[in-house]
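Below, each chain spelled out in residue letters.
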Amino acid sequence: MGGSSNKVESFPDANDLESATPAMQPMEIHRVSLPQKKTTFQSLKQSLSEVFFPDDPFHQFKNQSFFRKLVLGLQYFFPIFHWGSEYNLQLLKSDAISGLTIASLAIPQGISYAKLANLPPIIGLYSSFVPPLIYSVLGSSRDLAVGPVSIASLVMGSMLREMVSPEHEPTLYIQLAFTATFFAGVFQASLGFLRLGFIVDFLSKPTLIGFMGGAAVIVSLQQLKGLLGIVHFTTKMGFIPVMLSVFKHRTEWAWQTILMGTSFLGFLLITRHISSRKPKLFWVSAAAPLASVILSTVISFVFKAQNHGISVIGHLQEGVNPPSVNMLYFHGSFLGLAIKTGIVTGILSLTEGIAVGRTFASIKNYQIDGNKEMMAIGIMNMAGSCASCYVTTGSFSRSAVNYNAGSKTAVSNIVMASAVLVTMLFLMPLFYHTPNVILSAIIITAVIGLIDFHAVIRLWKVDKLDFLACISAFFGVLFISVQMGLAIAVGISMLKILIHVTRPNIVIKGVVPGTHNYRDLVHYKEAIRVPPFLILGIESPIYFANSMYLQERILRWVREEEERVAKMNQSSIKCIILDMSAVTAIDTSGMETLAELKKILDKRSVEFVLANPVASVTEKLCKSVIWEQFGSECVYMTVAEAIAAISSSYKGQI
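Residues numbered from 1 in each chain as written. Predicted model: local features only at pLDDT ≥ 70, side-chain atom pairs only at ≥ 80, totals over all residues. Heavy atoms only, no water.

**Digging into the side chain of threonine 257**
The following threshold applies: Helix and strand definitions here come from DSSP, where helices need a minimum of 4 consecutive H or I residues and strands a minimum of 2 consecutive E residues; each element is numbered from the N-terminal end. A contact between two residues is defined here by any heavy atoms of the two lying within 4.5 Å.
Among the secondary structure elements, threonine 257 is positioned in helix α13 (residues 255–277). For threonine 257, the residues in contact, after removing those within four places along its chain, are Gly226, Leu227, Leu228, Gly229, Gly309, Ile310 and Val437.

Shown next as structure tokens:
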């Protein structure tokens, strides 16, 4: 049997039963109070408020004048009005430094991530200009640095490429990328507006660790094309096809490209290591990508790298973002692909953006509103899709640099966008000779930080099921596909929820000597059984999904306990007390299960009573026939009071 063997020896009479433990000493018995009656409208209003407005966002508007409510409303929907009124030159100085610092990282990353999404490099810069400006007005995070990110870029590129070739149909591919970005924004903003952000939580942290780790490996392997100078390379994303392609085309390996790529990759990894070991030197890794681009461009120009087999970026269009409303694809056979890609990339970018924002908010001890962030990121992507941008969100690497550089407000995003604007207007010709191999090195350096070995080890130590979810997502991405890896991650998260819902934990409890507390016998070794009572605790809501399991499991507890007491020649079970303190909700199936259990146990001449039901459960029991079937004398405020009352009745029978 699952419970501990700790026990109180069987009592010859009720006097012994009453004096055996402090929990059985005479005490006042209280009635379980019935909750105050509510109308259907009141109950519905409270339930909806708890589901959709747990943070009570409208509390600040109470007892305020109309003008004050108007001001608070503007500050709520446009956070820039909240902190903008207190902005000063000292804050501007800090934001300017951090903004220029992240711009040095955003420019090369923007070009690199656009390549990862199979888009023209200039679109990466476009996506580092308009979205940060919009977020600075609508976003509530002070540290989030907005722009393209590796995972969303990878997923968008792999999903669209399955149906449309960016080489053979570049215009259609770009149209679908912008359209997918639009639908990603619609999806994100809708979740925020309808306050359905909890949907994103179905991607649990362990599955995300595995998914992002697998994606990071795939992204790094894909960069072997640029790092080795391979011209003909597979378009598939799996580990095996990529490695086969690498060795199949080894005749295309160019030693000049390999030398330059590995040299700069080593330089980038060293600077990253220096910054991770000494956080005060964060600027070393932040400036390294731009320094690599500048230095490699100079080398390429001086030594005429194109003549030695090293490919370069080539011409990049100058000027600000051109409008792309006319390129949105709202009809045709590929519309479904655009919607699917938008939803998937929208979920991933939203999860990353909110997680990064909350991380730095907790470090600086301020709060961000998750639903407002969803709306801000969603509107940012919707507007971006109309200005030649693809999916953007808060980047962890850039946000970490932004935080370490001393950012104070979202103005750092404005400064970064301004630096990108200057680059697009005046500096684009300078990127003509930039080697593509440098972009591959920058991508590898950026995504390698997504592989979190320490987190995987912690999962193994703490929760084996979480570890299984993590590893399954990792290998799903690595050996099947990015989309299938994501599907596996979501599926395992859902399976975990189903396991917890359908197979809740039930424990057998005993009294802790010297107290009136009843605890799990396995957890508290000093706790002891209280014959002739069997005290069971259910640690979950009772729903239709688990009611039959609970009935079968409780009856099994009873059978095993009867066998144990018979074997040890102890007094037989006379009463089962069901501790419902952890039962937060119950439905009609659950109540029918309790009624059925009472009928079965009554036939065995075993009492069945309830202890410590919470208010919502008590209210439902009262409205059903269960309350009449049990009677108020079979529902107690605590386990101790139930034992005291029933022990007294046994004493009266002797």
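**Notes on helix α12 (residues 239–248)**
Quick reminder of the rule: Burial status follows relative accessibility: with a 1.4 Å probe on protein chains alone, a residue under 20% of its type maximum counts as buried, one over 50% as exposed, and anything between as partly exposed. Summarising the geometry, the arc corresponds to the directions from the helix axis toward the C-beta atoms.
Of all the residues in α12, the buried ones are Val242, Ser245 and Val246. With its buried residues spanning 100° around the axis, α12 presents them on a single face. Away from its buried face by more than 90 degrees, α12 exposes Leu244 and Lys248. The inward-facing, buried residues of α12 contact α10 (205–222) and α11 (224–228).

**Brief notes about the packing of helix α5 (residues 89–116) against helix α18 (residues 411–427)**
Defined as follows: For helices, the fitted line uses only the C-alpha atoms of the stretch in contact; every axis is such a line through C-alpha atoms, and the angle between N-to-C directions lies from 0 to 180 degrees. What sets the label is the angle itself: under 35 degrees gives roughly parallel, over 145 gives roughly antiparallel, 65 to 115 gives roughly perpendicular, and the rest give oblique. Each crossing gets its hand from how the near helix is turned against the far one by less than a right angle, where anticlockwise is left-handed and clockwise is right-handed.
At a closest axis distance of 7 Å, the pairing of α5 and α18 adopts a crossing angle of 50°. In terms of orientation, α5 and α18 fall into the oblique class. Our pair here, α5 against α18, has a crossing hand that is right-handed. Here Leu92, Asp95, Ala96, Ser98, Gly99, Leu100, Ile102, Ala103, Ala106 and Ile107 of α5 come into contact with α18, specifically with Val411, Ser412, Val415, Met416, Ala419, Val420 and Thr423.

**Some thoughts on the pattern of salt bridges**
Inclusion rule: Note on definitions: salt bridges are taken to be side-chain nitrogens of Lys or Arg within 4 Å of carboxyl oxygens of Asp or Glu.
All chains considered together, the criterion is met by 11 salt bridges. Glutamate 561 is the partner of arginine 564 in a salt bridge, and the nearest nitrogen-oxygen pair spans 2.9 Å. Of this pair, arginine 564 and glutamate 561 both sit in helix α23 (residues 547–567), 3 residues apart, which is roughly one turn of that helix. A relative accessible area of 14% places arginine 564 in the buried class. Ionic contacts of the salt-bridge type, sharing partners, join the residues Asp463, Asp466 and Lys496 into one network.

**Quick notes on the side chain of threonine 445**
Our working definition: Any N or O atom pair separated by 3.5 Å or less is treated as a polar contact, with the protein-specific requirement of one donor-capable and one acceptor-capable atom, and with residues adjacent in sequence counted only for side-chain atom pairs.
As for its placement among the helices and strands, threonine 445 is situated in helix α19 (residues 436–447). Within the structure, the side chain of threonine 445 is placed 2.8 Å from the backbone oxygen of alanine 441, a separation counted as a polar contact. Threonine 445 has contacts with Leu265, Leu268, Leu269 and Arg272, leaving out every residue within four places of it along the chain.

**Description of the packing of α10 against α12**
To describe two helices that pack against each other, one gives the angle between their axes and the distance between the axes. As a packed pair, α10 and α12 sit with axes 10 Å apart at the nearest point and diverge in direction by 20°. In terms of orientation, α10 lies roughly parallel with respect to α12. For the pair α10 and α12, the sense of crossing is left-handed. For the pair α10 and α12, the contacting residues are Ile218, Leu221 and Gln222 in the first and Phe239, Val242 and Met243 in the second.

**So, the environment of glycine 384**
Mapping glycine 384 onto the fold places it in helix α16 (residues 370–385). Note: C-alpha distance between glycine 384 and proline 131 (253 residues apart in sequence) is 6.0 Å.

**So, the packing of aromatic side chains**
Note the threshold: Only Phe, Tyr and Trp rings take part, Trp by its six-membered ring, and two of them pair if their centres are within 6.5 Å. Stacked means planes under 30 degrees apart, edge-to-face means over 60, and tilted covers everything else.
As enumerated under the stated definition, the model contains 13 aromatic pairs in all. Ring centres 5.9 Å apart and planes at 90° place the aromatic pair phenylalanine 183 and phenylalanine 330 in the edge-to-face group. Here phenylalanine 183, found in helix α9 (residues 170–193), pairs with phenylalanine 330, found in the loop between α14 (282–302) and α15 (335–364); they are 147 residues apart in sequence, far enough to count as distant. A residue is classified by how much of its surface remains accessible, and phenylalanine 183, at 18% relative accessible area, is buried. Judged by its relative accessible area of 41%, phenylalanine 330 falls in the partly exposed class.

**A look at the environment of valine 231**
Within the secondary structure, valine 231 sits in the loop between α11 and α12. Judged by relative accessible area, which is 58%, valine 231 ranks as exposed. A sequence separation of 311 residues divides valine 231 from isoleucine 542, and the C-alpha atoms of the two residues are 60 Å apart.

**Examining the nonpolar core**
For clarity, the threshold we go by: For this analysis, a nonpolar core means a set of buried residues of the types Ala, Val, Leu, Ile, Met, Phe, Trp, Tyr and Cys, connected via side-chain atoms within 4.5 Å.
The biggest cluster of nonpolar side chains holds 107 residues, and the ones touching the most others in it are Leu119, Leu176 and Phe211. The element that contributes the greatest number of residues to this core is α9, accounting for 11 residues. Contact partners of phenylalanine 211, with chain neighbours within four places excluded, come to Ile151, Val155, Leu348, Ala473, Phe474, Val477, Val482, Gly485 and Leu486. Counting residues in each nonpolar core, the second largest holds 52 residues, with Val512, Cys575, Ile576 and Leu578 among its members.

**Focus on the environment of isoleucine 443**
Structurally, isoleucine 443 can be placed in helix α19. Residue class for isoleucine 443 comes out buried when judged on its relative accessible area of 0%. Expressed as a C-alpha distance, the spacing of isoleucine 443 and glutamine 222, which sit 221 residues apart in the sequence, is 10.0 Å. Setting aside its immediate chain neighbours within four residues, isoleucine 443 contacts Ser112, Tyr113, Leu116, Val219 and Gln223.

**Quick notes on a nonpolar patch on the surface**
We count it as follows: A patch consists of residues whose relative accessible area exceeds 30% and which take part in no salt bridge; residues with like charges are grouped when within 9 Å of each other, and nonpolar side chains (Val, Leu, Ile, Met, Phe, Trp, Tyr) when within 5 Å. We get accessible surface area from the Shrake-Rupley algorithm with a probe of 1.4 Å; when it comes to residues, only the shown protein chains can shield them.
Taken together, Ile240, Leu244, Phe475, Phe479, Ile480 and Met484 make up a surface patch of nonpolar side chains, about 600 Å² in accessible area. Inspection of the secondary structure puts leucine 244 in helix α12. Its relative accessible area of 57% is what places leucine 244 among the exposed residues.

**Remarks on the pairing of strand β5 (residues 533–538)**
Condition: Pairing between strands requires that DSSP locate at least two bridges from one strand to the other.
Counting buried positions over the 6 residues of β5 gives 6, a clear majority of the element. Side chains of β5 alternate between two faces, with Phe533, Ile535 and Gly537 and Leu534, Leu536 and Ile538 buried alike. Sheet topology places strand β3 (residues 506–511) next to β5; 4 bridges connect them, and they run antiparallel. Bridging from a neighbouring strand, isoleucine 508 pairs with leucine 536 of β5. Pairing between β5 and strand β6 (residues 575–579): 5 bridges, direction parallel. Looking at β6, one finds that leucine 534 is bridged to isoleucine 576.

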